[in-house]
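Survey of secondary and tertiary structure
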Amino acid sequence: MKPSLRPRPTVAFLVGFMGAGKTSVGRALGQLLNGKFEDLDDRIEAQEGRSIEQIFRESGEAEFRRAESAALSELLAERNSFLRVVALGGGAFAQAQNALLVQEAGAVTVFLDAPAEELYRRCAQEGRERPLCRDFEQFRKLLDERRPSYLKATLQVDTSGKAINVIAAEVACSLGLR
Ligand code: S3P
């Protein structure tokens, strides 16, 4: 469907791998469109009362995935009249049950894409503790495994070499909102 023919979404999810810029682009996009931005990882941390890194270390990835799905279901159950822009953690949309929840809610999804080398470089530059960002080979392998899931997103935007504001403007255009 052409973006202009798509009904105005009430929630837009940014999906993609670690380092894709989901949080920074999401924040810029929220401002650009006078919408409300939320990062699903922040909701998980608030609900759990501990950081993502702590959840992985103390309870393991399976428990993190459980908390992630619960937070997503909760978010989707909230009804709003304004536009919400939501950044999902890198693994969220790669979980089939989460992708289904998002799809059933009729939400639009935008895959922020970039080559593995650039994603890894961005993660290293950010310096944020990411439990699943270890050596480059493991990083690339996980990206390759998840890529088919990301490609199921409604829209795909190439972010390589682009500034955050430029990407946000491109996403807004592809959503037919600018
Ligand atoms: C994860 C990515 C992280 C965070 C958690 C797991 C993943 O979010 O949800 O560490 O599985 O790729 P970012 O993509 O924002 O780094």
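Read on for a plain summary of the structure. Every value quoted in this text rests on a predicted model; they were computed, and no experiment measured them.

Quick notes on the rules
- Residues numbered from 1 in each chain as written.
- Predicted model: local features only at pLDDT ≥ 70, side-chain atom pairs only at ≥ 80, totals over all residues.
- Heavy atoms only, no water.
- Helix = DSSP H or I, 4+ residues; strand = E, 2+ residues; numbered from the N terminus.
- Contact = heavy atoms within 4.5 Å.
- Pairing = 2+ DSSP bridges.
- Axes fitted to C-alpha atoms, helices over the stretch in contact; angles between N-to-C directions.
- Near = heavy atom within 4 Å.
- Polar contact = N/O pair within 3.5 Å; in protein donor to acceptor, adjacent residues only side chain to side chain.
- Areas by Shrake-Rupley, 256 points an atom, 1.4 Å probe, with all protein chains shown as cover.
- 1 Å grid on protein atoms, 1.4 Å probe; cavity = no way out; pocket = protein on both sides within 12 Å on 5 of 7 lines; lining within 4 Å.
- Sits in = over half its atoms within 2 Å of the grid points.
- Buried < 20%, exposed > 50% of the residue type's maximum accessible area, 1.4 Å probe, protein only.
- Points joined across faces, edges and corners; volume = space filled by probe spheres on them.
- Nonpolar A, V, L, I, M, F, W, Y, C, P; charged D, E, K, R; others polar.
- Phe/Tyr/Trp six-rings, centres within 6.5 Å; stacked < 30°, edge-to-face > 60°.

Observations concerning the side chain of Glu 68
Looking at the secondary structure, you find Glu 68 in helix H4 (residues 61-77). Not counting chain neighbours up to four residues away, the residues in contact with Glu 68 comprise Leu 40, Ile 44, Gly 89, Gly 91, Ala 92, Gln 95 and Asn 98.

Looking at the sheet that holds strand E5 (residues 155-158)
Taking strand neighbours across the sheet as the criterion, the five strands line up as E2-E3-E1-E4-E5 in an open arrangement whose pairing is parallel. Each having just a single partner strand, strand E2 (36-39) and E5 make up the two edges of the open sheet. With strand direction ignored, the average angle separating the axes of adjacent strands in the sheet is 25 degrees. The pairing of strand E1 (residues 11-15) with strand E4 (residues 108-113) spans four bridges and is classified as parallel.

Describing the site of the ligand
Lining the immediate environment of the ligand, one finds 15 residues, of which Lys 22, Asp 41, Arg 65, Arg 130 and Arg 146 sit closest. Within the side chain of Asp 41, a nitrogen or oxygen atom sits 2.8 Å from an oxygen atom of the ligand. A distance of 2.7 Å separates an oxygen atom of the ligand from a polar side-chain atom of Arg 146. Burial of the ligand by the surrounding chains reaches 97%, relative to a free accessible area of 380 Å². Of all the cavities here, the one that holds the ligand is the largest pocket. When residues of the shell around the ligand are traced back to their parent elements, those giving at least two are helix H3 (52-59) and H4.

A closer look at the environment of Ser 59
Within the secondary structure, Ser 59 sits in helix H3. Assessed through its relative accessible area of 34%, Ser 59 is described here as partly exposed. It is 33 Å that separates the C-alpha atoms of Ser 59 and Asn 80, two residues lying 21 residues apart in sequence. Once you skip the residues sitting within four places of it in the chain, Ser 59 turns out to touch Arg 50 and Gln 54. In this structure the side chain of Ser 59 is engaged in a polar contact, spanning 2.9 Å, whose partner is the side chain of Arg 50.

Some details on the layout of surface pockets
Counted as a void, the largest pocket has a volume near 550 Å³. Along the wall of the largest pocket there are 30 residues; nearest its centre are Asp 41, Ile 52, Gly 89, Arg 128 and Arg 130. Mapped onto the lining of the largest pocket, the elements with two or more residues apiece are helix H1 (22-32), helix H2 (40-48), H3 and H4. Here the lining of the largest pocket is built from residues that sort into nine nonpolar, eight polar and 13 charged.

Some thoughts on the packing of aromatic side chains
In total, this model carries five aromatic pairs according to the counting rule given. Aromatic pair Phe 56 and Phe 64: ring centres 4.8 Å apart, planes at 35 degrees, arrangement tilted. The burial state of Phe 56 is the same as that of Phe 64; both residues are buried. Between the aromatic rings of Tyr 120 and Phe 139, the centroid separation amounts to 4.9 Å while the plane-to-plane angle is 65 degrees, which identifies the pairing as edge-to-face. Linking Tyr 120 in helix H6 (residues 116-126) with Phe 139 in helix H7 (residues 136-150), this pair joins segments that are 19 residues apart in sequence.

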